[in-house]
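Given next are the chains, with one letter for each unit.
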Amino acid sequence: MIPVADCLLRTAEAHHDLADYRSELVPRWCNGCGDNAILTAMQRLCRDEDLAPEKTVFVSGIGCSSRLPHYMNTYGFHGTHGRALPIAEGVKLSRPDLSVFVSTGDGDCLSIGAAHWLHALRYNVDLTVLLHDNHIYGLTKKQASPTSPLGTKSNTTPMGSVLAPLNPLTITLGVQTASFVAQAVDWIPDLLYQVISAAYRHKGLSFVRILQRCPEFMPGLFDPWIQDPKRMLLLSHADGVTVGPALAKVYPNVRAHDPSDRAAARAIAEVEDPLPVGILYRDPAVPRYEELRHVGELRTVERVRRGLEAELDRFTIWPEDAATP
Amino acid sequence: MDEPRFFHLTGRRAGATLAPIADRGLRPALFARFGDLTRLRYDFPLVLTDGDPSVVSLSGLFDGILDAIASGGLERDRARRLLRRVEREIRALLAGGSDGTVDALWDEAVARLVTKDGEQVRRDLLPLRAALRIAGQIVDCDAELPARLVTHLWHAVEARRAEAMRRDIDGLVARLSQLVRADFLRSEAGRSAPALRAGIGARHQELFDFDAMARLLAKPSGPIGLPESRRRRIASTLTVLQAQPFFGDRARSFSFRRVDVALAAFRERLPLMADLVRAISVAELELAGAYVEATHDPYFADFDQTALAREDVARFPSYLVRADADDGDGTTRALLMEALTGRAPMKILLETDDVFGLGGRLATTALGLGDVFVLQSASAGLYGQALRVRAALEYAGPALLSVFPGVLDRGRLPPYLVAAAATESRAFPTFTYDPSAAPDLAHRLSLDGDPQPERPWPVHPFTYADDELQQVGERLAFTPVDFALCDPALASSFAEVPRAGWTAELVPAADRLDGAADRTDTVPFVWAIDAEDRLRRLVVDERLLRLARRTADAWARLSEITEPASVVAATQVPDAPAVPAPAEDRPAAAEAPASEAHGSDDPYIETPRCTTCNECTTLNGRMFAYNENRQAYIADQSAGTYSELVEAAEGCQVAIIHPGKPRDPNEPGLDELMARAEPFR
């Protein structure tokens, strides 16, 4: 609040290493799983932003992706299937001083949690949402998810899936109050880190779809893009993610894209090959729910008690023989 | 020497040919179109609201009503005519000295219309009245307008600032109180049976054995109680936070009529400001668990008003001072420098009628102070500058708002017209200087609000009827000399030339000011009109012409400052979207590929591209390891075989492991391994 305090806080606070954000549990994801890269990117972000572990919360639903809070040495909430977003919104609204992240998967978010997804975009609470999209239900040993490619053979679609996959980006951009939409892939860790970093700094709900390898149940799904870097389309802009020379050397297909251009973002979101990665859309002016509903009075214990008592008093029935208070 | 020339050179009338103009009600010719302001629609009057925006024009408000209730066609036309009539009546009421809120003046205006046209007007206006959703005081462009408008905006800005600070301070108090409360609960007294009983509530007390509970809690886990020094520190911090006199109900006044009184108040309050800043800092450190007595005690022991940074001061309320630049002994002007160069966030509203004198030059003088927000505007332009006024009030440092209210000649001419004429003629141009807007002077200074800024002064078409009642058209410049005609104090600088004396030697004053007319053979004049709108020619003395030249020079200097910016803006081509070319000066998003740092014989990993998938580290956790970013590198090549290197390269899904050449030429199956390693070279 006051600069002198900031200055002194900096002198007193401890600097965190990446290991400070690693829990004692060893990740149980498969070798080669893209979730590992997402976990590492998150730990790097926490370290680089010096987030106090006790002021950081990871909320998840159900699925491989949703194991992530267990591996972070921060507060975590492994929620119920599809309900990571409303839980995270509740945490953020009650404790706006916390940094709240959501780990959710393509099944968790886009299927059973789809209603919460859309309304979370509408509310635009200040959350960083990571959609781990491996195109399959992995934890339950391979069932088709909403993003499974057409023809995916799985336990629920043994003859191959017949429904076209959802495109989470176009749907998100279709919600008028979406304020931050990005796409990253687990196999370009530097870009993944930059995107997540920008998402964290965005005030409002930042929705980051991360295409993630599942070597066990969808082996080779992303190989065409991994093995041919020219099929990756890196979105670069001074107001988005900038592509440095080293990255551009590996991934030469770079395109300037202004993240404030919603129409261009929608057009890019529909492209699947080359695969666009970077910040598609950002509008910091979209109002956040916590701003709109702010009543200007702290929710202290006294205020809550006052309100409860006032509410209960409305229904108090005095015994007829009791003296008038 | 003829009389006009003599008057021009000396300012005295030598004969009976020229007529004095004092008390004759002569006006600049271009005022002919503005005879009755109540019949015109313009920015004023204004409505000062409690909402956002804080100020709206009455015309804008009525247009909003029209848009809200009538989409088009006859209904809209009828509503528009009704609203125009109410608007005109309100303007007439204000011109007659009425004052009040929108609601009250609407009702008063409708009552006047009913008197003229009967009750049906009231009924017709009912739906329009219902659509009037904005409440607030109506203010016209009069002598009090600058103070009322600026004070209103200042209150809005300060209310928001105070609300934010009060919320922060209340939050700190609440959280510190929780610390104190938690400390009590863990104390012996907090764990006693009476305290436990008090914590349950009356209704169910009989269900509990509080003595048993107290015995159970006799030995709480962990340390008991805050250290005494911390408890005392929190208590004294809470006292300061709860008693602070800057925000909330107990806040002191920050509005003053004298600069010296405001400065004295600021100095007197500095120790209290330092106390509050210290208390907030200590509170934040305590709540973060970051207060280290060895570090912070000495620092805060010496913390006093000298330690307050500008950012600290900017969090406190600013001091609004309404000052008169034309006070008799010049005290205000003398104190102004002290107020604007100190660290107090003074917001000085300086009103001046002396456009051609010292009062009119104070704002341009203040430009040299560097970090003072300066806004100059006649009152007629204040509505257009409302956002900038607000910016000045929100600015972290001192601000000077220099305003010409336009009240000359005891209000014979409407103040709006006089104030607008001051801006139009460049005698009192509108400008803002915002030190926070840009690093360079040209972009900090803005001349927005001045008409035809590319010219020395604006030029307007002017038509009149000649002796044969034929229409004659010409273009008239509106110069500081024309504006001077509004000021009775300068009436002696004009003399009317009778029609017979309108010779070729009379030239428009604008031609003399810009050098188009020869100085030796000509006498400058301006067009004026009398009460019947008849045209008059007035010759001007050299003294007034000098004053006008000085204001023209001041305008030219302002234009010179902003010109580079406008030239740049005009010639800039919008940036075409382009792929940012990888260049040396761009920040690198990733390290250079490791291959550049290795010979082809050495094994290596493109570490920045590692996705932490654990394939290689699972294969051989001593040969492959993770760095501080959890990305793999070859930690010890000798800790494994070439076979493992090749296997890791094949297993790496992003193909960033390069096995190089084998170190041990005796390793079995080398030929096959090297063939497998070839794709990864």
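Not measured: the values here are computed from a predicted model.

Once that is clear, we can look at the domain arrangement of chain B. We note that the domain assignment places domain 1 (3–34 + 456–571), domain 2 (45–140), domain 3 (146–312) and domain 4 (594–680) within chain B. Using C-alpha coordinates to define each centre, domain 1 of chain B is positioned 39 Å away from domain 2 of chain B.

To continue, consider the sheet that holds strand β9 (residues 232–236) of chain A. Residues and elements named next belong to chain A. Pairing within the open sheet is mixed, and its nine strands lie in the order β2-β1-β3-β4-β8-β7-β11-β9-β10. A single partner strand is all that each edge strand has here, and the edge strands are β2 (75–78) and β10 (254–256). This sheet shows a mean twist of 20° between the axes of neighbouring strands, independent of strand direction. In this sheet, strand β11 (residues 275–282) lies alongside β9 in parallel orientation, the contact comprising three bridges.

Right, let's talk about helix α10 (residues 262–269) of chain A for a bit. Residue and element names in this part refer to chain A. Listing the buried residues of α10 in full gives R262, A264, A265, I268 and A269. Buried positions in α10, seen along its axis, are confined to an arc of 160° and lie on one side of it. Where α10 is buried, its residues meet α6 (168–174), β9, β10 and β11.

So, on to the pattern of salt bridges. Side chains bearing opposite charge may pair, as long as their charged atoms lie close to each other. Residues and elements named next belong to chain B. Using the criterion set out here, one finds 55 salt bridges over all chains in the structure. The residue R160 makes a salt bridge to E394 at a minimum N-O spacing of 2.6 Å. In this pair, R160 sits in helix α6 (residues 145–186) while E394 sits in helix α15 (residues 386–394), placing the two residues 234 residues apart along the sequence. Several salt bridges converge on common partners, so that one network encompasses R24, E496, D530, E532, R534 and R536.

All names here are of chain A. The element strand β1 (residues 56–60) is largely enclosed, with a buried count of five among its five residues. What you see with β1 is no split at all: T56, F58 and S60 on one side and V57 and V59 on the other are buried throughout. Pairing analysis gives five bridges linking β1 to strand β3 (residues 99–105), with the strands arranged parallel. In the sheet register, V57 faces β3, and the bridge partner there is V100. Two elements, β1 and β2, share four bridges in a ladder whose sense is parallel. Looking at β2, one finds that V57 is bridged to Y75.

Each value, and the rule that gives it
Residues numbered from 1 in each chain as written. Chains lettered and ligands numbered in written order. Predicted model: local features only at pLDDT ≥ 70, side-chain atom pairs only at ≥ 80, totals over all residues. Heavy atoms only, no water. Domains from an automatic or database assignment. Pairing = 2+ DSSP bridges. Helix = DSSP H or I, 4+ residues; strand = E, 2+ residues; numbered from the N terminus. Axes fitted to C-alpha atoms, helices over the stretch in contact; angles between N-to-C directions. Buried < 20%, exposed > 50% of the residue type's maximum accessible area, 1.4 Å probe, protein only. Arc of directions from axis to C-beta. Contact = heavy atoms within 4.5 Å. Salt bridge = Lys/Arg side-chain N within 4 Å of Asp/Glu carboxyl O.

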